[in-house]
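For reference, the chains in residue letters:
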Amino acid sequence: MRILILGGDGYLGWPTAMYLSGRDHEVAVLDNFSKRAWELELNAAPLVPVRTLRNRVSTWKEVTGRNISLFVGDLCEYDLVNDVLREFRPDAIVHFGEQPSAPYSMIDQRRCVMTQVNNITGTLNLLWSMREHVPSAHLVKLGTMGEYGTPNIDIEEGFIEIEHRGRKDVLPFPKQPGSFYHLSKVHDSHNITFACKVWKLRSTDLHQGVVYGVATNETELDPRLATSFHYDEVFGTALNRFCVQAIAGIPLTVYGKGGQTRGFLNIRDTLRCVELSILNPPQAGEYRAFNQFTQSFSVIELAETVQKQAEKLGFRVAINHLPNPRVEAETHYYNPRHQKLLDLGLQPHLLSDVLVDSMLVTIRDHAHRIRHDVILPQVRWDGTSSAATKAYASVS
Ligand code: NAD
Ligand code: USQ
């Protein structure tokens, strides 16, 4: 199959490109390297050195003999999107190419607007261009579990059957997202649903949980193939951050009570879920949603797991309950369904002592690169981020 990976320079995009290329698909990646600019802007850097995308594509060829084609450009430029779809003519498009951070979208007005313009415009351009050039291609779009928020009922996979005043219908599950970033994904979901309906496009919206992990089988082939693993407050996700903090001797940064419960998955399962979606496409005109996570944990459970494992490796780890910089429920009901990918054959890599242990060992090998100044949260959801965060704004 011909598969185009948008956001192919990113944490998830690059490993996905290698994974699919290694399974005999013809793969192309596209990126405009905006994430690298945002990293520079916030003075944040991935833990493990990340080569340029061009360099990683040529290393992949050297190590495996396989080609990955490279397109450099911005999804917000419609002509560019048209050129790429016309030239590559993908059967499937995997769309990772968005601003992925909730805290980034909450720094200030400019970052909020940029996030929504970037994410929503890129996806709209893609939909129009697919309609024009590859109407039967399958769009596999990375959305987020955070679109649903934390309602006091079970969360279904995209849709819920509702009975109202004696009548029944199957309707989109209510969305109550927790940041302007998460809202951008909700807007995308609505736009994609509509495009499938009116233009008979086909799409899988992967409502993905929080991803953890530093390595995949392909990144392990050669250190030059490493992916972009973040641990800073803006781009790092919870478990990845806790593992780095444990190795660096920094008390684990649990926000508030730590009762916030989320769905999590290992990075290796992200790749498999994308593959399963591609191999089992929806019908023309169908928009479907899969909840893409394998296990739920509260934040405090994650912190305690990391603490226990790090102590086995000889690290003493404290857990801090910091004032929560976000506006979110710190204790709540959480029971989302996640059956559809299991039905397609997903065999999850569950979070185990071994898994945490191997992450900690990899991080320990790069401990000299850990920067303490990017750990503590400075972005606040109430719009009054600290002076240091405002400094991010003034340098750009
Ligand atoms: P990432 O920032 O590492 O990768 C995104 C890539 O997209 C970057 O390389 C960036 O340069 C590129 N990009 C952004 N805007 C672009 C544009 N307009 N044109 C071209 N390229 C553009 O993020 P990630 O962690 O790999 O996440 C990938 C996707 O998965 C995102 O959409 C994110 O919202 C979603 N997601 C991530 C997680 C997670 O825990 N990492 C969980 C759920 C969903
Ligand atoms: N948290 C802490 N301490 C930290 C970091 C986070 O307690 O140091 C808490 C947060 O308050 C939150 C939870 O951990 O309750 C998850 O936060 P996160 O930063 O790991 O994840 P989030 O901001 O939700 O975003 C990440 C990805 C995003 C994706 C989302 C999936 O960055 O791209 O969409 O996970 S989900 O959470 O299911 O919406």
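Residues numbered from 1 in each chain as written. Chains lettered and ligands numbered in written order. Predicted model: local features only at pLDDT ≥ 70, side-chain atom pairs only at ≥ 80, totals over all residues. Heavy atoms only, no water.

Enquirer: Would you take a moment to explain the sheet that holds strand β13 (residues 295–298) for this structure?
Expert: Strand order in this open sheet of three strands is β9-β11-β13, and the pairing throughout is mixed. The strands lining the two open edges of the sheet, one partner per strand, are β9 (210–212) and β13. Neighbour to neighbour, the strand axes of the sheet diverge by 45° on average, direction disregarded. Judged from the three bridges that link them, β9 and strand β11 (residues 261–266) form a sheet pairing that is parallel. (Pairing = 2+ DSSP bridges. Helix = DSSP H or I, 4+ residues; strand = E, 2+ residues; numbered from the N terminus. Axes fitted to C-alpha atoms, helices over the stretch in contact; angles between N-to-C directions.)

Enquirer: Mind showing me how you'd approach the site of ligand 2 here?
Expert: Close to ligand 2 lie 22 residues, the nearest being Thr-144, Tyr-181, Ala-238, Thr-253 and Glu-328. His-182 is positioned such that a nitrogen or oxygen atom in its side chain is 3.0 Å from an oxygen atom of ligand 2. Here ligand 2 loses 93% of its free accessible area of 730 Å² to cover by the protein chains. Listed by contribution, the elements that provide at least two residues to the shell around ligand 2 are α7 (180–199), α8 (238–248) and β10 (252–255). (Near = heavy atom within 4 Å. Polar contact = N/O pair within 3.5 Å; in protein donor to acceptor, adjacent residues only side chain to side chain. Areas by Shrake-Rupley, 256 points an atom, 1.4 Å probe, with all protein chains shown as cover.)

Enquirer: It is not clear to me how the site of ligand 1 should be interpreted in this structure. Could you clarify?
Expert: Neighbouring ligand 1 are 29 residues, the closest being Tyr-11, Asp-31, Asn-118, Tyr-181 and Lys-185. A distance of 3.5 Å separates an oxygen atom of ligand 1 from a polar atom in the backbone of Phe-96. Between a nitrogen atom of ligand 1 and a main-chain N or O atom of Gly-97, the distance comes to 3.3 Å. In isolation ligand 1 exposes 830 Å². Once the protein is present, 96% of that is buried.

Enquirer: Would you take a moment to explain the environment of Thr-362 for this structure?
Expert: Checked against the element boundaries, Thr-362 lands in helix α12 (residues 353–365). Once the C-alpha coordinates of Thr-362 and Val-48 are considered, the two residues, 314 residues apart in sequence, prove to be 9.3 Å apart.

Enquirer: Sorry, what's going on with the pattern of salt bridges here?
Expert: Scanning the model with the defined rule gives 23 salt bridges in all. Across the salt bridge formed by Glu-41 and Arg-111, the nearest N and O atoms sit 2.8 Å from each other. One end of the pair, Glu-41, is in helix α2 (residues 34–42); the other, Arg-111, is in helix α6 (residues 109–133), with 70 residues separating them in the sequence. With respect to burial, Glu-41 and Arg-111 carry one shared label: buried. One salt bridge connects Arg-337 with Glu-156, and the closest N-O pair in it is separated by 4.0 Å. (Salt bridge = Lys/Arg side-chain N within 4 Å of Asp/Glu carboxyl O. Buried < 20%, exposed > 50% of the residue type's maximum accessible area, 1.4 Å probe, protein only.)

Enquirer: So what exactly am I meant to see when it comes to the pairing of strand β8 (residues 202–208) here?
Expert: Sheet faces and side chains relate simply in a regular strand, where the side chains alternate between the two faces. Across the seven residues of β8, seven count as buried, placing the element largely inside the fold. Burial along β8 is two-sided: Arg-202, Thr-204, Leu-206 and Gln-208 and Ser-203, Asp-205 and His-207, pointing in opposite directions, are all buried. In terms of strand pairing, strand β5 (residues 138–144) meets β8 through seven bridges, oriented parallel. Directly across from Thr-144, in β8, lies its bridge partner Gln-208. As defined by bridge partners, β8 adjoins strand β12 (residues 287–292) across six bridges and the pair is classed as parallel. Bridging from a neighbouring strand, Leu-206 pairs with Phe-290 of β12.

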